[in-house]
Amino acid sequence: MNAESERLNVWRGDITTLAVDAIVNAANNSLLGGGGVDGAIHRAAGPALLDYCRTLGGCPTGEARLTPGFRLTARYILHTVGPVWRTGENGEAALLAACYKNCIALALALDLKTLAFPAISCGVYGYPPDVAARIAVRECKAGLAAHSRIERITLVAFDEEMEAVLRAALNN
């Protein structure tokens, strides 16, 4: 096992409970909360998160925005907006890759050491989980290889099925 793979792991559970420097929120463009992991993060962080997000003016797909973690164990939340899957021929892969790249860049700018990513775009945005997982693993491995300051990235699965998909991508 190489150093990058030891720094990238898969974990199944509630991303809001992780003790990391930052968790990533699979947000919508408004940043004002929604369903899935976005709603869970907003509920766990408390109403101050919504108040703060109102000041940000949203977030374009593929970009990332920073907020404090508020009531979370994580110090920060990196909000990123993944693409909605259409056919795979509309730039979805580049936009999804940009989500990971921009979150890693933001983490580096803040000198964060540990990050946790959910399965971006794999819920209501309809991205095929196996394709999304390969992109997630590729981008996280590239970020770790290029930036030794990041100590660990955790890919968080919300259920057993997503855990299996992420583990398969990580082991290939």
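Described in the following lines is the structure provided in the data block. (Residues numbered from 1 in each chain as written. Predicted model: local features only at pLDDT ≥ 70, side-chain atom pairs only at ≥ 80, totals over all residues. Heavy atoms only, no water.)

Thoughts on the pattern of salt bridges
Summed over all chains, the structure comprises nine salt bridges. As a salt-bridge pair, Asp 130 and Arg 134 come within 3.8 Å of each other at their nearest N and O atoms. Separated by four residues within a single helix, Asp 130 and Arg 134 lie in helix H5 (residues 129-146), roughly one turn from each other. Salt bridges here are not isolated pairs; linked through shared partners, they connect Arg 12, Glu 163 and Arg 167. (Salt bridge = Lys/Arg side-chain N within 4 Å of Asp/Glu carboxyl O. Helix = DSSP H or I, 4+ residues; strand = E, 2+ residues; numbered from the N terminus.)

Some thoughts on the environment of Pro 128
Within the fold, Pro 128 resides in the loop between strand E5 (114-117) and H5. Note: C-alpha distance between Pro 128 and Gly 88 (40 residues apart in sequence) is 9.4 Å.

A short note on the sheet that holds strand E1 (residues 8-12)
Here we have six strands laid out as an open sheet, ordered E1-E6-E5-E2-E4-E3, and mixed in their pairing. With one partner strand each, in any of the chains shown, E1 and strand E3 (64-68) form the two edges of the open sheet. Across this sheet, the average inter-strand angle for adjacent strands is 25°, counted without regard to direction. Strand direction decides the pairing type here: strand E2 (residues 22-26) and strand E4 (residues 76-80), joined by five bridges, are parallel. Pairing of Ala 26 across the sheet is with Thr 80, part of E4. Lying over the sheet, helix H2 (residues 36-45) contacts E2 and E4, oriented at roughly 130° with respect to E2. (Pairing = 2+ DSSP bridges. Axes fitted to C-alpha atoms, helices over the stretch in contact; angles between N-to-C directions. Contact = heavy atoms within 4.5 Å.)

Section: the pairing of E5
Residues Thr 114 and Ala 116 point to one face of E5 and Leu 115 and Phe 117 to the other, with burial holding for every one of them. Both E2 and E5 contribute to a ladder of two bridges, which runs parallel. By the bridge assignment, Ala 22 is partnered in E5 with Leu 115. As defined by bridge partners, E5 adjoins strand E6 (residues 152-157) across four bridges and the pair is classed as parallel. In the sheet register, Leu 115 faces E6, and the bridge partner there is Ile 153. In this fold, the crossover linking E5 to E6 by way of H5 has right-handed handedness. (Buried < 20%, exposed > 50% of the residue type's maximum accessible area, 1.4 Å probe, protein only. Right-handed = clockwise from strand over helix to strand, strands pointing away.)

What to know about unusual backbone geometry
Phi is positive for Phe 70, which is not a glycine, with a value near 55°. Within the secondary structure, Phe 70 sits in the loop between E3 and E4. We classify Phe 70 as partly exposed; its relative accessible area is 34%.

Concerning the packing of helix H4 (residues 92-109) against H5
At a minimum axis distance of 9 Å, the contact between H4 and H5 shows a crossing angle of 35°. The crossing of H4 and H5 is right-handed. Packed against H4, whose contacting residues are Ala 93, Leu 96, Ala 97, Tyr 100, Lys 101 and Ile 104, the element H5 presents Ala 132, Ile 135, Ala 136, Arg 138, Glu 139, Cys 140 and Gly 143 at the interface. Per-class residue counts for the contact of H4 with H5 are nine nonpolar, one polar and three charged. (Left-handed = near helix turned anticlockwise from the far one by under 90°. Nonpolar A, V, L, I, M, F, W, Y, C, P; charged D, E, K, R; others polar.)

Examining H2
Regarding H2, the residues found buried are Asp 38, Gly 39, Ile 41, His 42 and Ala 45. Along the long axis of H2, the arc covered by the buried residues comes to 160°, so they all point the same way. The exposed residues of H2 that point more than 90 degrees off its buried face are Gly 36 and Arg 43. Buried residues along H2 sit in contact with E2, helix H3 (47-54) and E4. Gly 46 sits one or two positions beyond H2 and adopts a positive phi of about 95°. (Arc of directions from axis to C-beta.)

Digging into the side chain of His 79
Relative to the helices and strands, His 79 is located in strand E4. On the basis of relative accessibility, which here comes to 0%, the residue His 79 falls in the buried class. Polar contacts involving the side chain of His 79 include one to the side chain of Thr 67, which spans 2.8 Å. The residues touching His 79, leaving out its near neighbours within four places in the chain, are Asn 25, Ala 27, Leu 31, Leu 49, Cys 53, Cys 59, Glu 63, Ala 64, Arg 65 and Thr 67. (Polar contact = N/O pair within 3.5 Å; in protein donor to acceptor, adjacent residues only side chain to side chain.)

Function cannot be inferred from these measures alone, as they are strictly geometric.
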